[in-house]
Amino acid sequence: MPADQELSSILNRRQAINSAIEEGKQVTPVFKKTGNIYTEFHEFSRKQIKEYEKAFNKYDLGRDGYLDLDELKRMMEKLGAPQTHLDLKNMIKEVDEDQDQKISFREFLLIFRKANAGELVENDGLSQLAKRTEINVEEVGVNGAKNFFEAKIEEMRRGSKFEDEIRQEQEERRKEEEEKMRKMMAFREKAAIFQASH
């Protein structure tokens, strides 16, 4: 979010809080989670989060980092689970922690956290969204532990797993760079041969 939009959002929220206080209404504080999305949503692997991000970005047509009502409507239609206007509003409301009437990527991840924890109502909009955008764990790796000891082992491995995933990403980037360099060198050799013959 650009700085001017973020400031505007903060000022609007502050103004809404002041108005509510003046009217004698109860104001519940909203805490914006900041920090690393990978550590906050440790139950998902880096690959899973990147896949969720791809799905999110596919429907974030405004490229503003949020799914608004219209974008969510389009998403649900494309997923084959169209919702009423009221249902869409309720879907947003269920995960909209900062009460801005739209879904940020962090709030989008909350949908899948709630789905995994069994906290979504069966066949409501969010459970439909979660089922239809579910990431294939065979492709991106399983990160669930079945009992206490497995959970402890998984917790100990998580740090090294995170590092392994970063190393793997770096290795993939290195290979891509090497391939680019190889192609560039081959091109230069051909260009030199061509120039020498003319």
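This text gives an overview of the structure that appears in the document. Model, not experiment: these values are computed from the prediction.

A few words on the side chain of Arg 106. Within the secondary structure, Arg 106 sits in helix 6 (residues 105-116). Within the structure, the side chain of Arg 106 is placed 2.8 Å from the side chain of Glu 97, a separation counted as a polar contact.

Moving on to the packing of helix 3 (residues 46-59) against helix 6. Two elements in contact, helix 3 and helix 6, have axes whose closest approach is 11 Å; the angle formed by their N-to-C orientations is 115°. The handedness of the crossing between helix 3 and helix 6 comes out as right-handed. Touching Ile 49, Tyr 52, Glu 53 and Phe 56 of helix 3 are Phe 105, Phe 108, Leu 109 and Phe 112, all from helix 6. Counted by class, the contact of helix 3 with helix 6 contains seven nonpolar, no polar and one charged residues.

Within this structure, the stated rule accounts for 13 salt bridges. Note that Lys 25 and Glu 23 form a salt bridge whose closest N and O atoms lie 3.1 Å from each other. Glu 23 shares its class with Lys 25; the two are exposed. Connected via shared salt-bridge partners are Glu 40, Glu 97 and Arg 106.

Moving on, we get to the packing of aromatic side chains. The tally for this structure, following the rule as stated, stands at seven aromatic pairs. Taken together, a centroid distance of 6.4 Å and an interplanar angle of 20° make the contact between Phe 41 and Phe 44 stacked. What makes Phe 41 buried here is its relative accessible area of 0%. Where Tyr 52 meets Phe 112, the ring centres are 4.1 Å apart and the plane angle is 25°; that geometry is what we call stacked. With Tyr 52 in helix 3 and Phe 112 in helix 6, this pair connects stretches of sequence that are 60 residues apart. Like Phe 112, Tyr 52 is buried. The structure contains a cluster of three or more aromatic residues connected by ring pairs, namely Phe 41, Phe 44, Tyr 52, Phe 56, Phe 105, Phe 108 and Phe 112. Sitting over the face of the ring of Tyr 38, Arg 46 holds its NZ or CZ atom 4.3 Å from the ring centroid. The residue whose ring lies beneath Lys 102 is Tyr 66, and the NZ or CZ to ring-centre distance is 4.4 Å.

What counts and what doesn't
Residues numbered from 1 in each chain as written. Predicted model: local features only at pLDDT ≥ 70, side-chain atom pairs only at ≥ 80, totals over all residues. Heavy atoms only, no water. Helix = DSSP H or I, 4+ residues; strand = E, 2+ residues; numbered from the N terminus. Polar contact = N/O pair within 3.5 Å; in protein donor to acceptor, adjacent residues only side chain to side chain. Axes fitted to C-alpha atoms, helices over the stretch in contact; angles between N-to-C directions. Left-handed = near helix turned anticlockwise from the far one by under 90°. Contact = heavy atoms within 4.5 Å. Nonpolar A, V, L, I, M, F, W, Y, C, P; charged D, E, K, R; others polar. Salt bridge = Lys/Arg side-chain N within 4 Å of Asp/Glu carboxyl O. Buried < 20%, exposed > 50% of the residue type's maximum accessible area, 1.4 Å probe, protein only. Phe/Tyr/Trp six-rings, centres within 6.5 Å; stacked < 30°, edge-to-face > 60°. Lys NZ or Arg CZ within 6 Å of the ring centre and 35° of its normal.

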